[in-house]
Structures are given as structure tokens and as C-alpha cells.
Amino acid sequence: MLVDRKEKALKKLRKDLRSGLYSYLVLLLLEREEELHGYAIRKRLEELSDGRIVPSEGALYDILKSLRKSGLVQDTWAEVGGRPRKYYSLTKLGREVLSELRMEIGAIMETLERMEGDG
């Protein structure tokens, strides 16, 4: 029973942590790469994290949909190799929000380093 509670707690906390973190990483990646389609975003995250951060396709498209709805990213269609692809890029608002988030992530990282350094 204790194992079940532990697994449930870990599952929920990981989901919560990843949800916001994946959104932040997608914004960072779009700032860096300027414009990418969904599959390329997923592959770049996989490459940059050595396979440790790979959102499912469904999760990634939910994140992109949410970011678009918030006005942080925009999408455009382009035909590549005879196939239509939806490309995503940051909006001006997305760049502003990313700048603020970057400062917040910096503060979180500093705090984590201090806390882990105390142990």
C-alpha cells in the first residue's frame, strides 16, 4: 500500500513538474531555433536532453495548443516535401513572457543549488 501511495505521489508530482517545464523548454527552443514543426521540437528536446526529456506527441501538441491559445506562439502552415506541416514560432508576447520566466527559473536554480549544497 505504501508503494502504491509513493508511485501515485511521484506520478502526480512528475506530471505537475513536467507540465510547466516542458512549456518553458518549448519556448526556449523556439527562441533559439526561431521556427520548428512539432516533430522537430520533440526531436530537438530528445537530442538536447540525451533522451531524458521526451514529451509524448499528445502532450507536446497539448502544450503547443495551450501556448498558442495564450498568444505566446503562432503557427503557420508550409508544404515540405509534398506534406503540409504546421510550424511554430514565438510571438512578441512569447518573448516577453520567456524573459520573465527565465529570471524565475534562475531564482529556482539558485535556490536548488543552495539547498542541495547545504546537505
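Quick notes on the rules
- Residues numbered from 1 in each chain as written.
- Predicted model: local features only at pLDDT ≥ 70, side-chain atom pairs only at ≥ 80, totals over all residues.
- Heavy atoms only, no water.
- Axes fitted to C-alpha atoms, helices over the stretch in contact; angles between N-to-C directions.
- Helix = DSSP H or I, 4+ residues; strand = E, 2+ residues; numbered from the N terminus.
- Parallel < 35°, antiparallel > 145°, perpendicular 65-115°, else oblique.
- Contact = heavy atoms within 4.5 Å.
- Nonpolar A, V, L, I, M, F, W, Y, C, P; charged D, E, K, R; others polar.
- UniProt positions renumbered as here; feature names shortened; annotations may be inferred.
- Expected span 1.5 Å × (residues − 1).
- Buried < 20%, exposed > 50% of the residue type's maximum accessible area, 1.4 Å probe, protein only.
- Arc of directions from axis to C-beta.

K.L.:
I tried to follow the packing of helix H1 (residues 2-33) against helix H2 (residues 38-48) on my own but got confused; where do I start?
P.N.:
The geometry of H1 relative to H2 is characterised by a closest axis approach of 11 Å and an angle of 100° between their N-to-C directions. With respect to their mutual orientation, H1 and H2 come out roughly perpendicular. Every residue of H2 that contacts H1 at Leu-25, Val-26, Leu-29, Leu-30, Arg-32 and Glu-33 is listed here: Ile-41, Arg-44, Leu-45 and Leu-48. For the contact of H1 with H2, a count of residues per class yields seven nonpolar, no polar and three charged.

K.L.:
Please clarify how the UniProt feature "domain: Transcription regulator PadR N-terminal" (unreviewed entry) in the protein should be interpreted in this entry.
P.N.:
As annotated by UniProt and renumbered to match this structure, "domain: Transcription regulator PadR N-terminal" (unreviewed entry) occupies residues 26-99. As a span, residues 26-99 carries 54% helix and 24% strand, and end to end its C-alpha atoms are 14 Å apart.

K.L.:
What's the story with helix H3 (residues 57-69) in this structure? I'm lost.
P.N.:
Since one α-helical turn is 3.6 residues long, residues separated by three or four positions face the same way. Look at H3: 18 Å from first C-alpha to last across 13 residues, which is about the 18 Å you get at 1.5 Å a residue. Of all the positions in H3, only Leu-60, Ile-63, Leu-64 and Leu-67 are classed as buried. Buried residues of H3, seen end-on, are gathered within an arc of 95° and therefore sit on one face of the element. In H3, the exposed positions that point more than 90 degrees away from the buried face belong to Asp-62, Lys-65 and Lys-69. The inward-facing, buried residues of H3 contact H1, H2, strand E2 (73-80) and strand E3 (83-90). Among the residues trailing H3, Gly-71 stands out with phi positive, at a value near 85°.

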